[in-house]
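Listed here are the chains, written in short residue letters.
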Amino acid sequence: MDREFDIKDLVEKARLISVAQGDSNDQSNEFDEKQFIRVVKVVQNQLDQIEAEELKEEKMLLRQRDAILGNPNAVEYYKAKISDIINDKNFRKERYPQWYTSLEEAVYHEVYGLFGISEWLNSDKYKESDACMIIGDNVFFEANGEPELQKQKISRENRDRMKETLLLVSPRENRAAAKHEIYSHGKRVTVFNDNGLTKDGQDCIIFRKYHVDKFTFEEQVAKHTIPEDSIPFFKSLVQLGFNVAFTGPVKSAKTTFLTTYQSYENPRLPALSIETDPEIDFHMLMPESPIIQFVPNKENEDTVIERAKRSDAKYIVVGEARSGKWLHLAVECANMGTKRMKVSIHLSETVDFCHDVAEKITREVGGNILAYMIKTAKTFQYVFNFITLASDQSQKRLSSLWEIRLNDQKMEISMHQICKYIDETDSWVWAYDIGKDKEKMAMRESKEAYAEFQEALKKLAADHPNPDGHVFVEPYMKVLLRGGGGFGY
């Protein structure tokens, strides 16, 4: 049976103040830790009384969880209540730790367990920051793509309390597990414990923010992830219903771009989404679309796979296909005629896309790697690759866009680089190159959209031509064919 959550019990178990190496907000007076703890306790008791009077326990629990994970309405509700109590108890002149901006904020974060990371959550200075890391006692805020050590420390006692607080969103989660991942309100929190993963006393809590709340190509242009004149091309590409993959390393914006690309999809089409981590809220992105969202655990993966294969969905989205099992599902569904498929994968060397996907599949489900390379080439028509800039890791770019082409007679897979990012000039070059098979597929889907697609790519290539070669033959094909089987190396 799941344990019910009571903030008051949680407060009584742990010390409320996270002590820093530094001064208070009032530089002229010594910070009184004990007095601040007393203020927090008084406010907490008052909050408990208010909630007991106003809400039934189920609704109170829901609001408390929302506040803990940053829901703006819930946060503002508690801050307003805290402000009223501070005024009523004449606490307005009490001092608080310097990493908070107000007494209300200080009390709120001490009560709800986020302690010294509130500046990262709320300050304009870290508005564009992707990550906050707590490693042992140390706190790091990412700024311009680099982690910066903060003055405040978070003790083991308070880290344990923070973890307990964060896990309220997942009451069935095994508290003793070595790793946890929590998703809510545009944040992902990953916990690595020292009971099997990290060095003793060096447990980690990593917060990650998702900054994009406007999933449009125009927003991607504003962030300079793609060039402005590419918008008509990408809009027509979505309409043509090709199967596409979004690749790149961690934190390269591939999931953000997949979400943006998906937002232009036909909202009337029934679909399935499968994610190992629930990063994309399709019900909010496309609230009127019939999209079934699966986030299976290990024991339910096979059930979801069977359901997907037998589904009447017009397309499938596989977010973060980390294992060969999910890539195998994508290939199988494509072989059954599924179009408009969208998959994101952690791959960096896009020219070897077919080989790398086939290798992941055969390692997990077995089979012939050469056969799966061919199936992969038939499954996906276009592959996007994204990067972060070495000079500023908060900046993301579309690194390249590739068309996959298979020549059955020559048994040859070629990768055609339609778009390439040029780091030296922070710009893109294009090649007008459309395979006959892609033209045939596109014409069946929409002659009008294909005409727009063709015209847009032709203009991009004319305005920003790629002076270098853009066709690359998959080298592993020759190696595997020469080996006569492709079962391995």
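Source: prediction; values computed, not measured. (Residues numbered from 1 in each chain as written. Predicted model: local features only at pLDDT ≥ 70, side-chain atom pairs only at ≥ 80, totals over all residues. Heavy atoms only, no water.)

Quick notes on the environment of Ile205
Secondary-structure assignment places Ile205 in strand β6 (residues 204-209). Overall, Ile205 belongs to the buried group, its relative accessible area being 0%. For the pair Ile205 and Phe192, spaced 13 residues apart in sequence, the C-alpha separation works out to 6.5 Å. Residue contacts for Ile205: discarding those within four places in its chain leaves Cys132, Met133, Ile134, Arg159, Met162, Lys163, Leu166, Val189, Thr190 and Val191. (Helix = DSSP H or I, 4+ residues; strand = E, 2+ residues; numbered from the N terminus. Buried < 20%, exposed > 50% of the residue type's maximum accessible area, 1.4 Å probe, protein only. Contact = heavy atoms within 4.5 Å.)

Considerations on the pattern of salt bridges
Pairing of side chains with opposite charge becomes possible as their charged atoms draw close. Using the criterion set out here, one finds 25 salt bridges in the structure. Lys325 is the partner of Glu301 in a salt bridge, and the nearest nitrogen-oxygen pair spans 3.2 Å. With Glu301 in helix α12 (residues 301-309) and Lys325 in helix α13 (residues 324-335), this pair connects stretches of sequence that are 24 residues apart. The shortest N-O distance in the salt bridge between Glu403 and Lys438 comes to 3.3 Å. One end of the pair, Glu403, is in strand β13 (residues 396-407); the other, Lys438, is in helix α16 (residues 436-445), with 35 residues separating them in the sequence. For the pair Glu403 and Lys438, a shared accessibility class is recorded, and that class is buried. (Salt bridge = Lys/Arg side-chain N within 4 Å of Asp/Glu carboxyl O.)

Digging into the confidence of the model for the chain
Low pLDDT marks stretches whose predicted atomic positions should not be read closely. Across the chain, pLDDT averages 84, with 86% of residues at or above 70. Put simply, helix α1 (residues 7-13) is where the chain has its lowest mean pLDDT, 39, and strand β15 (residues 427-430) is where it has its highest, 98. Within the model, the stretch residues 1-24 combines pLDDT values under 50 with 68 contacts to residues more than four positions away or in other chains. Per-residue pLDDT stays below 50 along residues 485-489; that stretch engages in 16 contacts with residues further than four places along the chain or on separate chains. (pLDDT = per-residue confidence, 0-100.)

Quick notes on the packing of aromatic side chains
Using the criterion set out here, one finds 26 aromatic pairs in the structure. Residues Phe233 and Phe234 carry aromatic rings whose centres are separated by 5.4 Å and whose planes lie at 65° to one another, so their mutual orientation is edge-to-face. Taking relative accessible area as the criterion, Phe233 reaches 0% and is therefore assigned buried. When the ring centre of Tyr108 is taken as reference, the NZ or CZ atom of Lys79 above it lies at 5.7 Å. In this arrangement the basic side chain of Lys342 is found over the ring face of Tyr315, its NZ or CZ atom lying 4.2 Å from the centre. (Phe/Tyr/Trp six-rings, centres within 6.5 Å; stacked < 30°, edge-to-face > 60°. Lys NZ or Arg CZ within 6 Å of the ring centre and 35° of its normal.)

Structural notes on the environment of Phe282
In this fold, Phe282 is placed in helix α11 (residues 282-285). Phe282 gets classed as buried once you look at its relative accessible area, which sits at 2%. Taking C-alpha positions, Phe282 is 8.7 Å from Ile292, a pair spaced 10 residues apart along the chain.

Re helix α14 (residues 353-365)
Every α-helical turn comprises 3.6 residues, leaving residues that sit three or four positions apart pointing alike. In this model α14 runs 18 Å from its N-terminal to its C-terminal C-alpha over 13 residues, within 8% of the 18 Å that 1.5 Å per residue would give. By the burial criterion, the buried members of α14 are Phe353, Cys354, His355, Asp356, Val357, Ala358, Ile361 and Thr362. The positive-phi residue at the C-terminal boundary of α14 is Gly366, with phi of around 85°. (Expected span 1.5 Å × (residues − 1).)

Thoughts on the side chain of His470
Tracing the backbone shows His470 in the loop between α17 (447-463) and β16 (471-473). A polar contact is formed between the side chain of His470 and the side chain of Asp433, at a distance of 2.9 Å. Setting aside residues no more than four positions away along its own chain, His470 makes contact with Met415, His416, Gln417, Ala431 and Asp433. (Polar contact = N/O pair within 3.5 Å; in protein donor to acceptor, adjacent residues only side chain to side chain.)

A short note on the pairing of strand β1 (residues 131-135)
Pairing of β1 with β6, which is carried by five bridges, proceeds in the antiparallel orientation. What sits directly across from Met133, in β6, is Ile206. Inspection of the sheet shows β1 paired to strand β2 (residues 138-143) by four bridges, in the antiparallel sense. Its bridge partner lying in β2, Ile134 is registered against Val139. As consecutive antiparallel partners, β1 and β2 are separated by two residues, and within that stretch Gly136 has a phi angle of approximately 60°, a positive value. (Pairing = 2+ DSSP bridges.)

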